[in-house]
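# Fold and contact review
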Amino acid sequence: MIAFSEAFGGGNGAARRLAPAVRLLCGAWVFVCCAVVPLGSPAGIALFVVAWLAWLFGCAMPPRRLTLSLGFAICLFAPLLLLAPVAHWNGSAATWTEALRAPLCVGVRGVAGVTIGVGALSLLPLTEFTDAVAALPLPRTVTSLLVQIVHQAALLTDETRRMADAMRVRGVASARLAVRVRVVTAFPASWLTRLALRAARAGDAMEVRGFDGLPPNVPPLTFSRSDWLALTVTTLLAVGALALRWRGCA
């Protein structure tokens with residue numbers, strides 16, 4: 001699996017030409033569309049497929065990243081299919097089609113949500129993520145928290161990978177079973193200690209410099225013609241999904 005910091009950037013689709021904040025907003029609207037659109041009607045299925053595939057083509061993330069994200073999402077949601085035999089055997093679903101409908105809908109939505117999120121990250125290099133979030137009309141505290149979560153998660157995952165590489169170089173993978181067991185049992189303590197020290201140093205440095213995680217001068221959010229067009233299209237997709245959902249519930 002790729003490192004957390006490597007999940008940012010790399011997309012070279014048409015959506016890459018939009019403003020950073022607009023890329024986030026468009027990804028959020030596409031996610032809402034695929035999350036709420038009813039999959040029990042042909043119109044809902046068509047809207048779901050169009051929104052999902054259009055976003056993936058617009059992001060054009062690297063093929064390896066798309067394959068890894070699809071594999072991860074499928075492995076994450078495939079166990080839901082085990083609920084189908086339970087629903088069929090206990091009588092809550094009369095046929096196998098009814099038993100499979102709910103797990104398949106949840107699984108398909110989950111796979112789409114993961115790939116939509118990964119596609120949105122591929123449009124934003126880590127250096128542009130701060131500007132994208134800071135330009136959104138959010139409270140400064142919320143914006144700073146989101147930015148710090150992402151940056152600290154990148155640091156922590158990179159530190160974890162470096163520790164794993166160090167153990168691999170020292171021959172832990174090919175050592176005797178007893179040695180590997182001792183290393184595995186001791187790893188959490190050393191891992192948490194290193195992460196806590198790194199977080200403390202980063203917090204002290206930010207406090208000394210008076211840095212709250214955001215750039216001091218954030219440019220105002222401005223929209224070009226292509227930004228307005230992309231926002232309008234994705235907003236209409238989300239509104240159409242909500243209308244289909246409301247119509248189905250009415």
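Residues numbered from 1 in each chain as written. Predicted model: local features only at pLDDT ≥ 70, side-chain atom pairs only at ≥ 80, totals over all residues. Heavy atoms only, no water.

What follows deals with the overall build of the protein chain. Regarding its fold elements, the protein chain presents nine helices and zero strands. Secondary structure elements in the protein chain, listed N-terminal to C-terminal, are α-α-α-α-α-α-α-α-α. With 250 residues in all, the protein chain has 34% of them scored as buried. Residue pairs in contact within the protein chain that sit at least 24 positions apart in sequence constitute 78% of those at least 6 positions apart. (Helix = DSSP H or I, 4+ residues; strand = E, 2+ residues; numbered from the N terminus. Buried < 20%, exposed > 50% of the residue type's maximum accessible area, 1.4 Å probe, protein only. Contact = heavy atoms within 4.5 Å.)

Turning our attention to unusual backbone geometry. Of note, the phi angle at alanine 60 is positive, near 50°, even though the residue is not glycine. Along the polypeptide, alanine 60 turns up in the loop between helix 2 (42-59) and helix 3 (63-77).

Here the focus is the packing of helix 1 (residues 20-36) against helix 6 (residues 126-134). Where helix 1 meets helix 6, the closest approach of the two axes is 7 Å, and the angle between their N-to-C directions is 75°. If you check the angle between helix 1 and helix 6, you find them roughly perpendicular. Along its contact with helix 1, which presents Pro20, Ala21, Arg23 and Leu24, the element helix 6 presents Glu128, Ala132 and Val133. Split into classes, the residues belonging to the contact of helix 1 with helix 6 amount to five nonpolar, no polar and two charged. (Axes fitted to C-alpha atoms, helices over the stretch in contact; angles between N-to-C directions. Parallel < 35°, antiparallel > 145°, perpendicular 65-115°, else oblique. Nonpolar A, V, L, I, M, F, W, Y, C, P; charged D, E, K, R; others polar.)

This part takes up the packing of aromatic side chains. Following the criterion strictly, the structure yields three aromatic pairs and no others. Taking 5.8 Å as the distance between ring centres and 75° as the angle between the ring planes, the aromatic pair formed by phenylalanine 8 and phenylalanine 129 counts as edge-to-face. Of this pair, phenylalanine 8 sits in the segment before helix 1 while phenylalanine 129 sits in helix 6; the two residues are 121 residues apart in sequence, bridging distant segments of the chain. Neither residue differs from the other here; phenylalanine 8 and phenylalanine 129 are each classed as buried. For the ring pair phenylalanine 223 and tryptophan 228, a centre distance of 4.7 Å and an interplane angle of 55° mean the geometry is tilted. Using a relative accessible area of 29% as the deciding quantity, one classes phenylalanine 223 as partly exposed. (Phe/Tyr/Trp six-rings, centres within 6.5 Å; stacked < 30°, edge-to-face > 60°.)

If you look at the biggest cluster of nonpolar residues, it comprises 31 residues, and the most contacted ones within it are Cys26, Cys34, Phe48, Trp52 and Trp55. Broken down by element, the residue count for this core peaks at seven residues, all from helix 2. Ignoring any residue separated from it by four or fewer positions in sequence, one finds phenylalanine 48 in contact with Cys34, Val37, Leu39, Val108, Arg109 and Ala112. (Core = buried A, V, L, I, M, F, W, Y, C linked by side-chain atoms within 4.5 Å.)

Moving on: helix 1. Taking 1.5 Å per residue as the helical rise, helix 1 with its 17 residues ought to reach 24 Å, and the 25 Å between its terminal C-alpha atoms agrees with that figure. Every buried residue belonging to helix 1 is among Ala21, Val22, Arg23, Cys26, Gly27, Val30, Cys33, Cys34 and Val36, and all of these are buried. (Expected span 1.5 Å × (residues − 1).)

Applying the stated rule across the entire model yields two salt bridges. Glutamate 128 is the salt-bridge partner of arginine 23, the closest N and O atoms lying 2.9 Å from each other. Here arginine 23 is found in helix 1, whereas its partner glutamate 128 is found in helix 6, with 105 residues between them in sequence. Given a relative accessible area of 22%, glutamate 128 falls into the partly exposed group. Residues joined in a network through salt bridges with shared partners are Arg16, Arg23 and Glu128. (Salt bridge = Lys/Arg side-chain N within 4 Å of Asp/Glu carboxyl O.)

Function cannot be read off these values alone, since they describe shape.
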